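# Descriptive analysis of the structure
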Amino acid sequence: MATDESEVLHYLEKYASVFNALAAEVLQRSSAQGQANVATPGIFDPAKLNALLSGDIKLDPSKLLQQQMLYMQKQSDLWQSAAKAMMSEKLSGSDSAASSDKRFSHPDWQQNPVFNYIKESYLINSDMLTNIIDAVEFSDPKQAKQARFYTRQYVNSLAPTNFVLTNPEVCEEVVKTKGQNLVKGMQNFLEDLEKSPLEALKMRQTDASAFTLGENLANTPGKVVYQNDLVQLIHYQATTAKQFTKPMLIVPPFINKYYVLDLDERKSLVKGLLDAGHNVFMISWVNPDASHADKDFVDYMNMGPLACIASIKTLSKCKQVNITGFCVGGTLSATAVAYLRAQKDTSVGSLTLLTTLLDFEEPGEVGNYFAEDMLPMIEQSADIKGVFDGRIIGMSFSLLRENSLFWSFFINNYLKGKDPAPFDILYWNSDATNIPSACFKQYLSLTYWHNKLKEPGTVTIDGVPIDFANIDTPTYFLSTVADHIVLWQSAYQGAKLISGDKRFVLAGSGHLAGVINPIKGGKYPHWLNHELPDDPQQWLAQAEQQEGSWWPDWHQWLKPMSGVQRKASIPGQHPEYPALMDAPGTYVLRRLDEN
């Protein structure tokens, strides 16, 4: 072996007492702080998988027998390979999935007979479990997807890379640091535990000390010109002498902070719009606490986009506002526009929806967390606190890409005892936002649970029926090909609900990187197709790939709907909307891990 096993075990035994002392300390602190001991189940409960497999299912005997025979053959091959290795024969190159699996990139996984056997045995058993699930026929297709999802979570949680003695990189670190990595890892774990809600572990993914809002993130100059109990409205300083007369309002998701759209100067979607001559406004949502418990989805619409549209119209002396909604902010924006158009209100000149669902029939893997049978846990957690803790949602989204966004940090932070590197998007990702209890439950009911918003007139707001077909304003849809939160095929179905002229664009990469793909140095391509056939795969087959950022296409699309250009406005100069403070404002500064 590359490391001395006895030495590793020595350090594990030596520092066990250190771990016990640190654990006792954090428990004492928790008790002193009077934390409520709420028996709320976690997001991933192994009993969930057992329940799915105990339901209305059928086994395909032929598939099961075939998988069993394949499993036995693989085990036999592995034993033969292990026996040869023990007789000092050189291990042959593996054709297993590990060859492209970053978890097994350390040379010992291939060259060391013990670690090689552990790796191959794990992969064989992983395949067996996955294939058994594939041999099960579920009466409910949604339950089949849930079973596959939870099986994958279970399999990846048991990877040998996640344990000290079966990860060669960790063993090397133990010997190299004389066990100090274990002490540092314990400290990292307990520090994270103290800053986590009871329902989820909030693991550090970046060096938070490397970023300061208003300095190296969210630093585009501007002024807060309006605020209410839910929003602060930022008006950005122009970067051009002239601007289009029709202003642009950006509505970010209320489950996140807005500044993912204003990371730094190069990657700022805000600055991209400013440089293209647009007069840009941004909603910055409050990070709510128990005092906001009764604010629901309709309140977010009224006090968010609708209140801001009214303010911007007065401030800009323009009868129309262009709107860009991102993710949940896009769903909220579309609902607001449908509400206005049902009343013949033409305040919105154009609508842009970035990675947005309007039809939640196929919500992707995130739907596993928001399934109806999760309702009791969600309601209990939200009602007790008055808010649904944003850190739980953050962990849930990380577990959609568990190996890269959860287990990799678990290994680095806790087993190796290292601190994560600075990374702006992961800093934003860790800056969680609560959701008021009433809003979260109403939103889930309208979307993931019952998919009511897509049905014309099923939802009424203040007596006004909501019908996305009433949206006859020009609409630009942007989806991303590798989005694991908003499947592009599902976003495409939402585009068909709108009656006005529409343009659907598919960008490379995922939910964030595909959107934040700047003009200069943009790494990912995009696909264009002026037609919208019923089948999204047909749309893609006929689409033309374009290299580089999708931003220029969007800016060009916006031009005819943005009016003429005039002298740029100065934020905070309107007598009814003076500057309340500099951007980024105060609402965005509240962090849950600093309470």
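## A few points about the nonpolar core
- Counting residues in hydrophobic clusters, the biggest one holds 158 residues, and the most contacted among them are Leu249, Phe254, Tyr259, Leu269 and Trp550.
- Considering each element in turn, this core owes the most residues, ten residues, to helix α11 (residues 297–316).
- If sequence neighbours within four positions are ignored, Leu269 has contacts with Ile250, Leu261, Leu354, Val515, Trp550, Trp551 and Trp554.

## Some words on the side chain of Asp431
- Assignment of secondary structure puts Asp431 in the loop between α16 (424–430) and β11 (435–436).
- Overall, the relative accessible area of 3% leaves Asp431 in the buried class.
- Beyond its immediate stretch of four places on either side in the chain, Asp431 contacts Leu213, Lys257, Tyr259, Val588, Arg590 and Arg591.

## With respect to the packing of helix α8 (residues 168–177) against helix α9 (residues 180–194)
- Between α8 and α9, the shortest axis-to-axis distance is 7 Å and the interhelical angle comes to 110 degrees. Considered as vectors, α8 and α9 are oriented roughly perpendicular to each other. Along its contact with α8, which presents Val170, Glu173, Val174 and Thr177, the element α9 presents Gln180, Asn181 and Leu182.
- Residues of the contact of α8 with α9, tallied by class, amount to three nonpolar, three polar and one charged.

## A look at the packing of α9 against helix α15 (residues 402–415)
- For the pair α9 and α15, the least separation of the axes is 7 Å and the interaxial angle reads 120 degrees. Taken together, the axis directions place α9 and α15 in an arrangement best described as oblique. Residues Asn181, Leu182, Gly185, Met186, Asn188, Phe189 and Asp192 of α9 lie in contact with α15, whose contacting residues are Asn413, Tyr414 and Leu415.
- Taken together, the residues of the contact of α9 with α15 break down into five nonpolar, four polar and one charged.

## A word on empty space enclosed by the protein
- One pass over the full model with this rule turns up seven cavities of 30 Å³ or more.
- In this model, the largest cavity occupies a volume close to 170 Å³.
- Where the lining of the largest cavity is concerned, the elements lending two or more residues are α14 (390–398), α15 and α16.
- When residues in the lining of the largest cavity are grouped by element, the largest group, five residues, is from α14.
- Taken together, the residues of the lining of the largest cavity break down into seven nonpolar, six polar and two charged.
- In this structure, the second largest cavity spans a volume of roughly 140 Å³.
- Lining of the second largest cavity is provided by 17 residues; of these, Ile255, Cys327, Val328, Tyr443 and Tyr448 occupy positions nearest its centre.
- When residues of the lining of the second largest cavity are traced back to their parent elements, those giving at least two are α12 (328–342), α14 and α17 (437–449).
- Broken down by element, the lining of the second largest cavity gets its largest block of residues, three residues, from α17.
- Classifying every residue of the lining of the second largest cavity by side-chain character gives 14 nonpolar, three polar and no charged.

Calculation rules
Residues numbered from 1 in each chain as written. Predicted model: local features only at pLDDT ≥ 70, side-chain atom pairs only at ≥ 80, totals over all residues. Heavy atoms only, no water. Core = buried A, V, L, I, M, F, W, Y, C linked by side-chain atoms within 4.5 Å. Buried < 20%, exposed > 50% of the residue type's maximum accessible area, 1.4 Å probe, protein only. Helix = DSSP H or I, 4+ residues; strand = E, 2+ residues; numbered from the N terminus. Contact = heavy atoms within 4.5 Å. Axes fitted to C-alpha atoms, helices over the stretch in contact; angles between N-to-C directions. Parallel < 35°, antiparallel > 145°, perpendicular 65-115°, else oblique. Nonpolar A, V, L, I, M, F, W, Y, C, P; charged D, E, K, R; others polar. 1 Å grid on protein atoms, 1.4 Å probe; cavity = no way out; pocket = protein on both sides within 12 Å on 5 of 7 lines; lining within 4 Å. Points joined across faces, edges and corners; volume = space filled by probe spheres on them.

On their own, these measurements won't tell you what the molecule is for.
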